[in-house]
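Examination of the molecular architecture
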Amino acid sequence: MKYGIYYAYWEQEWRADYLPYIEKAAKLGFDCLEIACTPLNSYPLEKLRELRKAAEDHGIFLTAGHGPSAEQNLASADPAVVKNALAFFTELLKRLEIMDIHKIGGGIYSYWPVDFSKPVDKPGDWARSVANVRKIGRIAQDCGVDYCLESLNRFEGYLINTSEECCRFVREVDCPAVKVMLDTFHMNIEETSMGGAIRQAKGLLGHFHTGECNRMVPGKGRMPWREIAEALHDIGYQDTVVMEPFVRMGGKVGSDIKVWRDISNGASIEQLDEDAAESVKFERYMFE
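We now turn to the structure provided with this report. For clarity, every value in this text was computed on a predicted model and none was experimentally measured.

**Some remarks on the overall build of the protein chain**
- From N to C terminus, the protein chain includes ten helices and eight strands.
- For the protein chain, the spread of C-alpha atoms along the three principal axes comes to 50 × 45 × 35 Å.
- Each of the 288 residues in the protein chain was classed as buried or not, and the buried ones make up 58%.
- In the protein chain, the proportion of contacts linking residues at least 24 apart, taken out of those at least 6 apart, comes to 78%.
- Accessible surface, the protein chain as shown: approximately 12100 Å² in total, 50% of it carbon and sulfur.
- Taking the average place of the 34 positive charges on the side chains of the protein chain and the average place of its 44 negative ones, the gap between the two points comes to 3 Å.

Take a look at the structure:
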């Protein structure tokens, strides 16, 4: 397996300078760094190549995560929104190819955070999303990118909440580049069995996020890591494992993730670094 961390562990904004985090992730013992797609379509091509080279120079690779805005919603009933979403993801995937990024994950079949003050049409949105993800999946395949659909908890999404739903959705899309993505934080809320949810995704799981129930780094909480590790072994999963801790208040990141207290307990950047380094050692021990 290859182990990574999401840059926003240290950040408070989705639009960030990723260069320092590339070097940091490498120094702390990670194989990859996950970045947000939010600013990528506005970057000049030189910036994309700079990020790619920085990752290569530090001996790691990049993965990408995205929470689509309402204007990028592939499940929308509004044809203008769908047209915009298709154009956005088409351009984004071409840029990921330039950056040598081969994996994107998130709620990239709907939008995030969901506005639950509006009516939810799950059957209609499901059908529209399947059709449009199939179109984008073919483009992702041409770009050499796995398009990984993240199962989100009920408070952040409504279309795909469980491994069972995610597997069913991916099978309906029926495109090799479209895969299942699971996240232990969301699984802890929605799944009856952590191990069972992972085993259900055998052959479809393309990306895996880790974090504790309270969003701390793995190893600092009560998540059943042995059960999770055994299930990953049972399905022969050997792909990316990216931790996605959120422990700091403030900024757009803190607001969107709903971090309303300092989960880090006033940790310095140096302490955050130490916790991350110890956590990836913990993951390698548990999963290997």
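Further notes follow.
**Some points on the packing of aromatic side chains**
- Throughout the structure, instances matching the rule amount to 16 aromatic pairs.
- The interplanar angle of 85° and the centroid separation of 6.3 Å between the aromatic rings of W225 and F282 together place this pair among those described as edge-to-face. Separated by 57 residues along the polypeptide, W225 in helix α8 (residues 225-234) and F282 in helix α10 (residues 269-287) bring together distant segments of the chain.
- Among the residues examined, W225 registers a relative accessible area of 6% and is labelled buried.
- An aromatic cluster is present here, built from Y6, Y7, Y9, W10, W14, Y18, Y21, W112 and F246 joined pairwise through their rings.
- Lying across the ring of Y43, K47 places its NZ or CZ 5.9 Å from the centre.
- Between the NZ or CZ atom of R215 and the centre of the ring of F185, over which it lies, the distance is 3.8 Å.

**A word on empty space enclosed by the protein**
- The tally for this structure, following the rule as stated, stands at one cavity of 30 Å³ or more.
- As a volume, the largest cavity reaches approximately 40 Å³.
- Around the largest cavity, the lining residues are G107, Y109, S110, Y111, V114, L152, G157, Y158, L159 and I160.
- For the lining of the largest cavity, the residue count by class is seven nonpolar, three polar and no charged.

**A few points about the side chain of K24**
- Within the secondary structure, K24 is located in helix α1 (residues 19-27).
- Taking relative accessible area as the criterion, K24 reaches 18% and is therefore assigned buried.
- Residues contacting K24, with those up to four places away along its chain left out, are W10, I269 and D273.

**Focus on the pairing of strand β1 (residues 2-6)**
- Counting buried positions over the five residues of β1 gives four, a clear majority of the element.
- Relative to strand β8 (residues 240-243), β1 runs parallel, the two being bridged by four bridges. Note on β8: the bridge partner recorded for I5 is M243.
- Note that the unit made of β1, α1 and strand β2 (residues 32-36) has a crossover that is right-handed.

**Points about the pattern of salt bridges**
- If you walk through the whole model with that rule in mind, you get 21 salt bridges.
- Residue K47 pairs with E50 through a salt bridge whose shortest N-O separation is 3.8 Å. Here K47 and its partner E50 are both found in helix α2 (residues 45-57), three residues apart, which amounts to about one turn of the helix.
- Measuring nitrogen to oxygen at the nearest pair gives 3.1 Å for the salt bridge that ties E56 to R52. Residue E56 and its partner R52 are located together in helix α2, separated by four residues, close to a single helical turn.
- The exposure class assigned to E56 is partly exposed, which follows from its relative accessible area of 45%.
- Residue class for R52 comes out partly exposed when judged on its relative accessible area of 30%.
- Members of the salt-bridge network, linked through shared partners, are D17, K47 and E50.

**As for the state of the cysteines**
- Under the definition given, this model contains zero disulfides.
- Residue C143 stays outside any disulfide, its sulfur separated by 12 Å from that of C175, the closest cysteine.
- For C143, a relative accessible area of 8% translates into the label buried.

Thresholds, definitions, all that
Residues numbered from 1 in each chain as written. Predicted model: local features only at pLDDT ≥ 70, side-chain atom pairs only at ≥ 80, totals over all residues. Heavy atoms only, no water. Helix = DSSP H or I, 4+ residues; strand = E, 2+ residues; numbered from the N terminus. Buried < 20%, exposed > 50% of the residue type's maximum accessible area, 1.4 Å probe, protein only. Contact = heavy atoms within 4.5 Å. Areas by Shrake-Rupley, 256 points an atom, 1.4 Å probe, with all protein chains shown as cover. Lys, Arg positive; Asp, Glu negative; His and termini not counted. Charge placed at Lys NZ, Arg CZ, Asp CG, Glu CD. Phe/Tyr/Trp six-rings, centres within 6.5 Å; stacked < 30°, edge-to-face > 60°. Lys NZ or Arg CZ within 6 Å of the ring centre and 35° of its normal. 1 Å grid on protein atoms, 1.4 Å probe; cavity = no way out; pocket = protein on both sides within 12 Å on 5 of 7 lines; lining within 4 Å. Points joined across faces, edges and corners; volume = space filled by probe spheres on them. Nonpolar A, V, L, I, M, F, W, Y, C, P; charged D, E, K, R; others polar. Pairing = 2+ DSSP bridges. Right-handed = clockwise from strand over helix to strand, strands pointing away. Salt bridge = Lys/Arg side-chain N within 4 Å of Asp/Glu carboxyl O. Disulfide = S-S within 2.5 Å.

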